[in-house]
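# Geometric and topological summary
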Amino acid sequence: MKRLLLPLLMSLALAACVTVNPNEKSVLQGGTSVTASISNPVGARELALVEQGYLLAGNAVKGFAAYCYPASGIRPPGCAQRGPIMRAIKSADRKAYAAIVAARAFVRNNPNVSAVSAVGAARSAVNDFIAALQNAQAQTGAPLS
Amino acid sequence: MSIIAAIGGAATVISLVKDAVAAAPTVIKTAKDMLELGKAFWTTLTGKEPTAEEAADLSRRVDLLHAEVQALPDHD
């Protein structure tokens, strides 16, 4: 019986430690509680960073397209495979954008829940988008800036 | 979210910055790019959460750029 009682008492004690008083203010917001709920700024900040990364890569894609699809119509020597490369970039772009839109919805709808998973998926998709761009530069020698 | 979860989240943000820099050495070239990245770093390191207006503006720019990228030529 003692064996059963000890874990029960321990769990009650631990439960008391994590009980959250809705009137408490977190130390992160000038209060004294280390267990009080706060909004989820990490999700919003992370998402902003991922979107910044997407903007950098997307603008570089425009530079790549200007190089391999010049207005003169004369294809640069390194751009023989420009069609498949550009289609691969666009495919990665669609996945990155879809993941960003999903992460936005998660952050908006769950302000008090960690968005690490949703934003992590977006980050991974944006990294794939950047990798497709790096592959394009490696294959064509196109300047991306 | 408790302070412990917040510390874990901050570590994830720092990791995210490191990954972004490591993944995009060839992309970050222009002064404008550096400025944009600098803003992102500042936002992260100062712990400043983007305002609703800033977040909306960023999202709008992403939406427009996505449409532009999808409209680029991709023929052989």
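Residues numbered from 1 in each chain as written. Chains lettered and ligands numbered in written order. Predicted model: local features only at pLDDT ≥ 70, side-chain atom pairs only at ≥ 80, totals over all residues. Heavy atoms only, no water.

Each helix and strand counted, chain A has four helices and zero strands in total. Along chain A, helices and strands appear, N-terminal first, in the series α-α-α-α. In chain A, of all internal contacts separated by at least 6 residues, the share reaching a separation of at least 24 is 60%. For chain A, the exposed area adds up to about 7600 Å²; of that, 61% sits on carbon and sulfur atoms. (Helix = DSSP H or I, 4+ residues; strand = E, 2+ residues; numbered from the N terminus. Contact = heavy atoms within 4.5 Å. Areas by Shrake-Rupley, 256 points an atom, 1.4 Å probe, with all protein chains shown as cover.)

Further remarks concern the overall build of chain B. Each helix and strand in chain B was counted, giving three helices and zero strands. Split into buried and exposed, the 76 residues of chain B put 30% on the buried side. Only carbon and sulfur atoms are counted for the fraction: they give 67% of the accessible area of chain B, which is about 4400 Å². (Buried < 20%, exposed > 50% of the residue type's maximum accessible area, 1.4 Å probe, protein only.)

Glancing now at the nonpolar core. One recurring pattern in soluble globular proteins is that nonpolar side chains are buried together. Ranked by internal contacts, the top residues of the largest apolar core, which has 41 residues, are Tyr-54, Val-61, Phe-64, Ile-89 and Phe-129 of chain A. Those elements that place two or more of their residues in this core are α2 (41-68), α3 (82-109) and α4 (116-140) of chain A together with α3 (52-71) of chain B. Per-element tally for this core: the top contributor is α2 of chain A, with twelve residues. When near neighbours in sequence (up to four residues on either side) are disregarded, Phe-129 of chain A contacts Tyr-54, Ala-57, Gly-58, Val-61, Ile-89, Ala-92, Asp-93 and Ala-96 of chain A. (Core = buried A, V, L, I, M, F, W, Y, C linked by side-chain atoms within 4.5 Å.)

Moving on to the packing of α3 of chain A against α3 of chain B. It is at 10 Å that the axes of α3 of chain A and α3 of chain B come closest, and there the two elements cross at 160°. Relative to α3 of chain B, the element α3 of chain A lies roughly antiparallel. As for the relative orientation of α3 of chain A and α3 of chain B, their crossing is left-handed in sense. Where α3 of chain A abuts α3 of chain B, its residues Lys-90, Asp-93, Arg-94, Tyr-97, Ile-100 and Arg-104 of chain A lie against Ser-59, Val-62, Asp-63, His-66, Val-69, Gln-70 and Ala-71 of chain B. Looking at the contact of α3 of chain A with α3 of chain B residue by residue, the class counts come to five nonpolar, three polar and five charged. (Axes fitted to C-alpha atoms, helices over the stretch in contact; angles between N-to-C directions. Parallel < 35°, antiparallel > 145°, perpendicular 65-115°, else oblique. Left-handed = near helix turned anticlockwise from the far one by under 90°. Nonpolar A, V, L, I, M, F, W, Y, C, P; charged D, E, K, R; others polar.)

Moving on, we get to α3 of chain B. All names here are of chain B. The end-to-end C-alpha distance of α3, which contains 20 residues, comes to 29 Å, matching closely the 28 Å that a straight helix rising 1.5 Å per residue would cover. Among the residues of α3, those classed as buried are Leu-58, Ser-59, Val-62, Leu-65, His-66 and Val-69. Each buried residue of α3 sits inside an arc of 130° when the element is viewed along its axis, so together they form one side. Turned more than 90 degrees from where α3 packs its buried face, Ala-52, Glu-53, Leu-64 and Ala-71 sit exposed. (Expected span 1.5 Å × (residues − 1). Arc of directions from axis to C-beta.)

Quick look at the pattern of salt bridges now. Any two side chains of opposite charge can pair, so long as their charged atoms come close to each other. Within this structure, the stated rule accounts for seven salt bridges over all chains. Ionic pairing is found between Asp-57 of chain B and Arg-60 of chain B, a salt bridge with its closest N-O pair at 3.0 Å. Placement of the pair is Asp-57 of chain B and Arg-60 of chain B together in helix α3, with a separation of three residues, close to one helical turn. A relative accessible area of 31% places Asp-57 of chain B in the partly exposed class. For Asp-57 of chain B, the salt bridge is made with Arg-61 of chain B, and the minimal N-O distance between the two is 4.0 Å. In this pair, Asp-57 of chain B and Arg-61 of chain B are both assigned in helix α3, four residues apart and thus about one turn of the helix distant. Given a relative accessible area of 32%, Arg-61 of chain B falls into the partly exposed group. Each of Glu-51 and Arg-104 of chain A together with Asp-63 of chain B takes part in one network of salt bridges that share partners. (Salt bridge = Lys/Arg side-chain N within 4 Å of Asp/Glu carboxyl O.)

Here we come to the state of the cysteines. All names here are of chain A. Counting across every chain of the model gives one disulfide over all chains. One disulfide bridge connects Cys-68 with Cys-79, the sulfur atoms lying 2.0 Å from each other. Taking the torsion about the S-S bond as the criterion, the Cys-68 to Cys-79 disulfide, at about -70°, is left-handed. Of this pair, Cys-68 sits in helix α2 while Cys-79 sits in the loop between α2 and α3, and the two are eleven residues apart along the sequence. Residue Cys-68 shares its accessibility class with Cys-79, and that shared class is buried. (Disulfide = S-S within 2.5 Å.)

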